[in-house]
Amino acid sequence: MKGLRLLQGMVLICILLVPVLIFMFLKGFGNNTYDIPVFFEKGVENPFLECPIGDTTQHYIPDFTFVNQLGNPVGKAQMEGKITIVDFFFTSCPSICPVMSSEMERVNDMFRDEPNVQILSISIDPEFDTPEILKEYADKHKAQAGKWDFLSGGKAETYQLAKCGFILPTLDGFGVPDDFAHSDKFVLVDELGRIRGYYSGTNREDVDLLMLEAKILLYGNE
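Reference entry: report on the structure contained in this document. The residue numbering used here restarts from 1 in each chain and proceeds along that chain's sequence as written. A pLDDT threshold of at least 70 governs which residues receive local features in this predicted model, and a stricter bar of 80 or more applies before side-chain atom pairs are shown or counted, although totals over entire chains, interfaces and linings include all residues. With hydrogens and water excluded, all non-hydrogen atoms of the structure serve as input to the side-chain values.

1. Topic: the side chain of Ser123
Stated formally: In DSSP terms, a helix is any run of H or I states spanning at least four residues, a strand is any run of E spanning at least two, and both are numbered starting from the N terminus. Type-normalised accessible area, obtained with a 1.4 Å probe on protein chains alone, sets the label of each residue: buried when under 20%, exposed when over 50%, and partly exposed for intermediate values. In protein, a polar contact means a hydrogen-donor-capable atom and an acceptor-capable atom, both N or O and within 3.5 Å, with residues adjacent in sequence counting only if both atoms are side-chain atoms; elsewhere, any N or O pair within 3.5 Å suffices. By definition in these notes, contact holds between two residues if any of their heavy atoms fall within 4.5 Å.
Mapping Ser123 onto the fold places it in strand β4 (residues 117–123). A residue is classified by how much of its surface remains accessible, and Ser123, at 0% relative accessible area, is buried. There is a polar contact of 3.0 Å between the side chain of Ser123 and the backbone nitrogen of Asp125. There is a polar contact of 2.6 Å between the side chain of Ser123 and the side chain of Asp129. The residues touching Ser123, leaving out its near neighbours within four places in the chain, are Phe89, Phe90, Asp129, Leu151 and Thr158.

What follows is the structure in structure tokens.
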């Protein structure tokens, strides 16, 4: 009988300890943080001297102003204080752009009602991608100007911005769709203009990670 009572007592103690252990676990879990890196804290390497010589301090997206699908100016000023997701594309792209735009639709749907998150898709073929062409493309992908802007600007400024601002390889195709080359990356930029992540826009899991990390930047680790 003593052995049975001892066993019953131990079982009772274990049962009483379960809520305490759960509370301690949840409390510890709540104190965890998810660290998102800050890219280029010591500046950007410039081995081919394509970009202006910079310093060795934190890299920020430089100032720029392009035109969106409605013909309105959009640029760095509209990025300030917001989480911005950026990609480079062109509407006549025969390869990766359709997949990238479809994946960006998912991002747009996720943050459609969040005013502090926006998307910029920047054309690397601005001579063809006029605001009228971009408006048709935007409508196809259910994009609202001011939330998901499709931008075109001067060609030289566009390639400078891609290479030296967002640090993405880009090659002019001179009007031949198959000859253009650009990255498939979506770039996550924080409210200060710092790059916080690169994600393949052709990989669903990568885009899921982008949306998660954008939410963390938006809401913090609390």
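2. Some details on unusual backbone geometry
Although it is not a glycine, Phe40 sits at a positive phi angle of roughly 60 degrees. On the secondary structure map, Phe40 appears in the loop between α1 (2–30) and β1 (65–67). Positive phi, normally seen in glycine, also occurs at Lys142, with a value near 60 degrees. Mapping Lys142 onto the fold places it in the loop between α4 (131–140) and β5 (148–151).

3. Things to note about the state of the cysteines
Defined as follows: Cysteine sulfur atoms that come within 2.5 Å of each other are treated as a disulfide pair.
If you walk through the whole model with that rule in mind, you get 1 disulfide. Between the sulfur atoms of Cys51 and its disulfide mate Cys164 the distance is 1.9 Å. The S-S bond linking Cys51 to Cys164 shows a torsion near -90 degrees; that makes this disulfide left-handed. Of this pair, Cys51 sits in the loop between α1 and β1 while Cys164 sits in helix α5 (residues 155–165), and the two are 113 residues apart along the sequence.

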